[in-house]
Amino acid sequence: MYLLLSTSKGLLVYQRTQNGWHYHQEAFVGLPVSMVMIDQRDNSWWVALAHKHWGQKLHLSQDQGKNWREIAAPVYPKGAEVKKGVPASLKLIWALAHGGADQPDYVYVGTEPGGLFRSTDGGNSFALVESLWNHPSRPRHWFGGGRDFAGIHSIIVDPRDSQHLYVAVSCAGVFESRNGGESWTARNKGLRADYLPDPYVEVGHDPHLLLACRSQPDILWQQNHCGIFRSVNGGQDWQDVTDKQGLANYGFTLAIDHDNPDRAWVIPAESDRIRIAVDQALCVCRTEDGGHSWQALRHGLPQQQAFDIVYRHALDIQGSTLAFGTTTGNVYVSEDWGDHWFCLNHNLATVNAVKLVRNGE
């Protein structure tokens, strides 16, 4: 198994062998790697770089990180505007996703300021999905949360039907397409936006991460700015599964068991104003019953003076193995569903994204 860490100082790769975890290789040393994707169709590795000087870059490896080639990053079409008088230009590549098994050359990219791009030729070219960009809600009701503009950070392609798509936008909410992106419908019923005059608006919500269970894709989870929400009917309705009396509430990241749709993990933070581990004690919360109850998992995690938080893409799961990286450069691994953790490294730069992949996948 490989563990890929996208950090603000490069892409680092660890490997699990019979003798445990070992440092394996590195790429883009010293450069900010913002996102990583494993394309399960051909085992290729994709990374996005967020150069402060050169802007956003895409790179592709077809030999598990030994060699890389640059892919031209998406470009907003001439005349596209975030709002009237504000030209749209690529600020961040925030999500990467591959198409379905029947779409071998499809790749999706989610960006700030709120653009979804699609390639139908393996990344040789990208085109803005105009139907979502031109959604009537976008000019007035999409807005930036912690960033200047709205951004697409989650893209889901239904494994049963490649024409069935979801995206999550901060701040706007969840949108669904059943016709390959030709049209989109907001799917935010049951969500709550406490920061707005009307918390139950159709558009204006702030999902931090959206995931679908691969074995039962109608079951969706999201870690939201205002709690944790779950849908059992493909986003038609959302239920608040926040732990009202416990820790599982505010946070950014989320992992789900793709074989057991009732099992999920979150890593809570103090609040949207105080973004550190709750009580300065790092904790992972797990539910086994669809969010009806949550258990705090602390074994092996620091319980004093822990200022760690975990970004939305910096937790991943593969089988019974979970791994996450923090803003303070600590990386933790569990090989028993989160019951016990050990620190793999505590000297890294900020971890932006984490990906676990079995060897050869």
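The rules we used
- Residue indices begin from 1 for each chain and proceed along its sequence in written order.
- Per-residue local features are limited, in this predicted model, to residues with pLDDT of at least 70; the limit for side-chain atom pairs, both in listing and counting, is 80 or more; totals at the level of whole chains, interfaces and linings are taken over all residues.
- Note that water and hydrogens are dropped before the side-chain values are worked out from all heavy atoms of the structure.
- The cut-offs for exposure are 20% and 50% of the maximum accessible area for each residue type, with area from a 1.4 Å probe on protein chains only; residues under the lower value are buried, those over the upper are exposed, and the others partly exposed.
- What counts as a helix is a DSSP run of H or I of at least four residues, what counts as a strand is a run of E of at least two, and both are numbered from the N terminus.
- Here a strand pair is declared whenever DSSP counts at least two bridges between the two strands.
- Structural elements are reduced to axes, namely lines fitted to C-alpha atoms, with helices fitted over the stretch in contact, and the angle between N-to-C directions of any two is expressed from 0 to 180 degrees.
- Throughout, a contact is declared for two residues whenever any of their heavy atoms are within 4.5 Å.
- Counted as salt bridges are all cases of a side-chain nitrogen of Lys or Arg within 4 Å of a carboxyl oxygen of Asp or Glu.
- When two rings of Phe, Tyr or Trp (its six-membered ring) have centres within 6.5 Å they constitute a pair, described as stacked for plane angles under 30 degrees, edge-to-face for angles over 60, and tilted for the intermediate range.
- Both a distance and an angle decide whether a charge sits over a ring: NZ of Lys or CZ of Arg must be within 6 Å of the ring centre and within 35 degrees of the ring normal.

A. Molecular detail of the pairing of strand β11 (residues 107–112). With respect to burial, β11 is a largely interior element, 6 of its 6 residues being buried. Taking every second residue as pointing to the same face, both faces of β11 are buried, with Val-107, Val-109 and Thr-111 on one and Tyr-108, Gly-110 and Glu-112 on the other. Bridge count for β11 against strand β12 (residues 116–119) is 4 bridges, and the pairing is antiparallel. Counterpart to Tyr-108 in the pairing with β12 is Arg-118. Counted between consecutive antiparallel strands, the loop separating β11 from β12 contains 3 residues, among which Gly-114 sits at a positive phi close to 85°.

B. Broad picture of the sheet that holds strand β29 (residues 342–345). What the 4 strands build is an open sheet, ordered β26-β27-β28-β29; its pairing is antiparallel. Among the strands making up the open sheet, the edge pair consists of β26 (315–318) and β29. The average undirected angle you get between the axes of adjacent strands in this sheet is 25°.

C. Up close: the environment of Val-357. In this structure, Val-357 sits in strand β30 (residues 351–357). Along the backbone, Val-357 and Val-107 are 250 residues apart, and their C-alpha atoms lie at a distance of 19 Å. Beyond its immediate chain neighbours, meaning those up to four positions away, Val-357 contacts Met-1, Tyr-2, Leu-4, Ile-38 and Gln-318.

D. Main features of the sheet that holds strand β14 (residues 151–157). Taken together, 4 strands build an open sheet; the order of strands is β14-β15-β16-β17 and the sheet is antiparallel. Only two strands of the sheet have a single partner each, and these edge strands are β14 and β17 (185–186). Sheet topology places strand β15 (residues 165–170) next to strand β16 (residues 173–177); 5 bridges connect them, and they run antiparallel. Within the sheet, the bridge partner assigned to Ala-168 lies in β16 and is Val-174.

E. Representation of unusual backbone geometry within the structure. The omega torsion of the bond from Glu-112 to Pro-113 falls at 20°, within 30 degrees of zero and hence cis. Relative to the helices and strands, Pro-113 resides in the loop between β11 and β12. The residue after Ser-170, namely Cys-171, is reached through a cis peptide bond having omega -5°. Within the secondary structure layout, Cys-171 lies in the loop between β15 and β16.

F. The pattern of salt bridges, seen in detail. Evaluation of the coordinates by the stated rule reveals 17 salt bridges. A salt bridge links Lys-189 to Asp-237; the nearest nitrogen and oxygen atoms lie 3.3 Å apart. You can see Lys-189 sitting in the loop between β17 and β18 (207–212) and its partner Asp-237 sitting in the loop between β20 (227–231) and β21 (239–240), a full 48 residues away along the chain. Salt bridges here are not isolated pairs; linked through shared partners, they connect Asp-257, Arg-263, Arg-286, Glu-288 and Asp-339.

G. Region of interest: the environment of Ala-27. Tracing the sequence through the fold places Ala-27 in strand β3 (residues 20–27). Considering only alpha carbons, one finds Ala-27 and Lys-9, 18 residues apart in sequence, at a separation of 9.5 Å. Not counting the four nearest positions on each side in its chain, Ala-27 is found in contact with Gly-10, Leu-11 and Trp-68.

H. A look at the packing of aromatic side chains. Inspection of every chain in the model, using the stated rule, returns 11 aromatic pairs. Note on Phe-324 and Trp-341: the rings are 5.1 Å apart at their centroids and 70° apart in plane angle, and the pair reads as edge-to-face. Of this pair, Phe-324 sits in strand β27 (residues 321–325) while Trp-341 is found in the loop between β28 (331–334) and β29, placing the two residues 17 residues apart along the sequence. The pair formed by Phe-324 and Trp-341 is uniform in burial state, with each residue classed as buried. Each residue in the set Tyr-76, Phe-117 and Trp-133 is aromatic and connected to the rest through ring pairs, giving one cluster. Of note, Arg-138 hangs over the ring of Trp-133, and the distance from its end group to the ring centre comes to 3.6 Å. Geometry around Trp-337 places Arg-263 over its ring, the cationic atom sitting 4.5 Å from the centre.

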